[in-house]
Amino acid sequence: MSQTSDLIQSAQRTIRLEIQAVEGLLPHIDADFVRACEMILASKGRVVVVGMGKSGHIGNKIAATLASTGTTAFFVHPAEASHGDMGMITREDVILALSNSGSTNEIVTLLPLIKRLGIQLISITGNPDSPLAKAADVNLNVHVEQEACPLNLAPTSSTTAALVMGDALAVALLEARGFTAEDFAFSHPGGALGRRLLLKVENVMHAGEQLPQVQRGTLLRDALMEMSRKGLGMTVIVEADGRLAGVFTDGDLRRTLDRSIDIHHTTIDEVMTLHGKTARAEMLAAEALKIMEDNRINALVVVDQEDRPIGAFNLSDLLRAGVM
């Protein structure tokens, strides 16, 4: 029990100290922060993030967050920059350098070259009097009073503060650029959000020969054969001119059988759902899913501008596409 209590107290102490470190950033969201944002917004190049050790790991994450939220960014290891990777950086770029001490040798070594090339430099440091902070065009102060490490040695509170400052920078830039959910989706085409925001009905619907459809007046038994052949659990019923007349689904079939209707002599007109809910090919698949959820239906007919069926899909199609 004693060990359990000690572990819990240690974890809670760590969290409290890191909360304090993050709250301590609020006074530092000031004119320097605004200037850093303006420098990046005005830049014609990329944001190049550099950092060593734990700061490098945080820098990697900040670069990834910037890149996915509308600010072109990438990470360069400062030691590799001294051995050729500096060629990846252009005069139009903005360098975002992370170092809690502000005196990391691998970064300080790059400062004369950065200045010689006239590259704008933003630093994120815990020491505003450090060589890095003084060399930077603008410094974002992430000083923390105490690391969460009981020895006050392992980067803990300081790395959390730097990460949060990076997130604050990325989100401020995102909003300044008017970055939208659709823009985000284009940066994440393989993710769930990307699929929901980019996938359209035309990408999931069954069309052409795969579309189950019968004419008005078709016997119910023949309509069931069409449903069985196409495997969508439904069939479209069309007027003589090709316009949508109705739809017949597995649910309609169950209700029909409950009424003891003779499938060999009954026409589809007598049991179909008139017209029914529809979707358009250019509609987002996520929008179509909402229609299905709101109306508690498992399939939708896709129609063109003249209300002619051109496709159909069901919940299984959306599930396979990753929309739900």
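Residues numbered from 1 in each chain as written. Predicted model: local features only at pLDDT ≥ 70, side-chain atom pairs only at ≥ 80, totals over all residues. Heavy atoms only, no water.

As annotated in an unreviewed UniProt entry, the protein is Arabinose 5-phosphate isomerase from Pseudomonas sessilinigenes. As stated in UniProt under Sequence similarities (unreviewed entry), the record for the protein gives "Belongs to the SIS family. GutQ/KpsF subfamily." The UniProt entry for the protein carries this comment under Catalytic activity (unreviewed entry): "D-arabinose 5-phosphate = D-ribulose 5-phosphate". (UniProt positions renumbered as here; feature names shortened; annotations may be inferred.)

Draft legend 1. Spotlight on the pattern of salt bridges. One pass over the structure, following the stated rule, counts 12 salt bridges. With a shortest N-O distance of 2.9 Å, aspartate 269 and arginine 216 are connected by a salt bridge. Separated by 53 residues along the polypeptide, aspartate 269 in the loop between helix 12 (250–258) and strand 9 (273–274) and arginine 216 in the loop between strand 6 (213–215) and helix 11 (220–230) bring together distant segments of the chain. You can call arginine 216 partly exposed: its relative accessible area is 34%. With its nearest N and O atoms 3.0 Å apart, the salt bridge here joins glutamate 306 to arginine 308. In this structure glutamate 306 comes out as partly exposed when scored by relative accessible area, which is 43%. Accessibility expressed as a relative area gives 26% for arginine 308, which makes it partly exposed. (Salt bridge = Lys/Arg side-chain N within 4 Å of Asp/Glu carboxyl O. Helix = DSSP H or I, 4+ residues; strand = E, 2+ residues; numbered from the N terminus. Buried < 20%, exposed > 50% of the residue type's maximum accessible area, 1.4 Å probe, protein only.)

Draft legend 2. Looking closely at unusual backbone geometry. Phi is positive for asparagine 152, close to 60°, though the residue is something other than glycine. On the secondary structure map, asparagine 152 appears in the loop between strand 5 (138–141) and helix 8 (157–177). Classification of asparagine 152 as partly exposed rests on a relative accessible area of 39%. Backbone geometry places aspartate 307, a non-glycine residue, at a positive phi of 65°.

Draft legend 3. Up close: the sheet that holds strand 2 (residues 73–75). In space, the 5 strands of this open sheet follow the order 2-1-3-4-5, with parallel pairing throughout. Single-partner strands in this sheet number two, and they are strand 2 and strand 5. Strand-to-strand, the axes of this sheet are offset by a mean angle of 20°, without reference to chain direction. Pairing between strand 1 (residues 47–51) and strand 2: 3 bridges, direction parallel. Looking at the pairing, valine 48 lines up with phenylalanine 74 of strand 2. Along the sheet, helix 2 (residues 31–42) makes contact with strand 1, strand 3 (94–99), strand 4 (120–125) and strand 5, crossing strand 5 at roughly 130°. (Pairing = 2+ DSSP bridges. Axes fitted to C-alpha atoms, helices over the stretch in contact; angles between N-to-C directions. Contact = heavy atoms within 4.5 Å.)

Draft legend 4. How the structure looks around the side chain of serine 157. Within the secondary structure, serine 157 sits in helix 8. Excluding residues within four positions of it along the chain, serine 157 makes contact with Leu17, Glu18, Ala21, Val144, Gln146, Glu147 and Ala148.

Draft legend 5. Up close: the UniProt feature "domain: SIS" (unreviewed entry) in the protein. UniProt tags residues 36–179 as "domain: SIS" (unreviewed entry). Along residues 36–179, the helical share is 44% and the strand share 17%, with 18 Å between the first and last C-alpha atoms.

Draft legend 6. Structural context of the pairing of strand 3. Among the 6 residues in strand 3, 6 count as buried, and that is most of the element. The two faces of strand 3 match: Val94, Leu96 and Leu98 on one face and Ile95, Ala97 and Ser99 on the other face are all buried. In this sheet, strand 4 lies alongside strand 3 in parallel orientation, the contact comprising 6 bridges. Pairing of valine 94 across the sheet is with glutamine 120, part of strand 4.

Draft legend 7. Spotlight on the sheet that holds strand 6. Read from one edge of the open sheet, 4 strands run 6-7-8-9, paired in mixed fashion. In this open sheet, the two strands that pair with only one neighbour each are strand 6 and strand 9. Here 5 bridges tie strand 7 (residues 234–238) to strand 8 (residues 244–249), and the two strands are oriented antiparallel to one another. The partner of methionine 234 across the bridge, within strand 8, is threonine 249. Taken strand by strand, helix 12 contacts strand 8 and strand 9, and its axis lies near 70° from that of strand 8.

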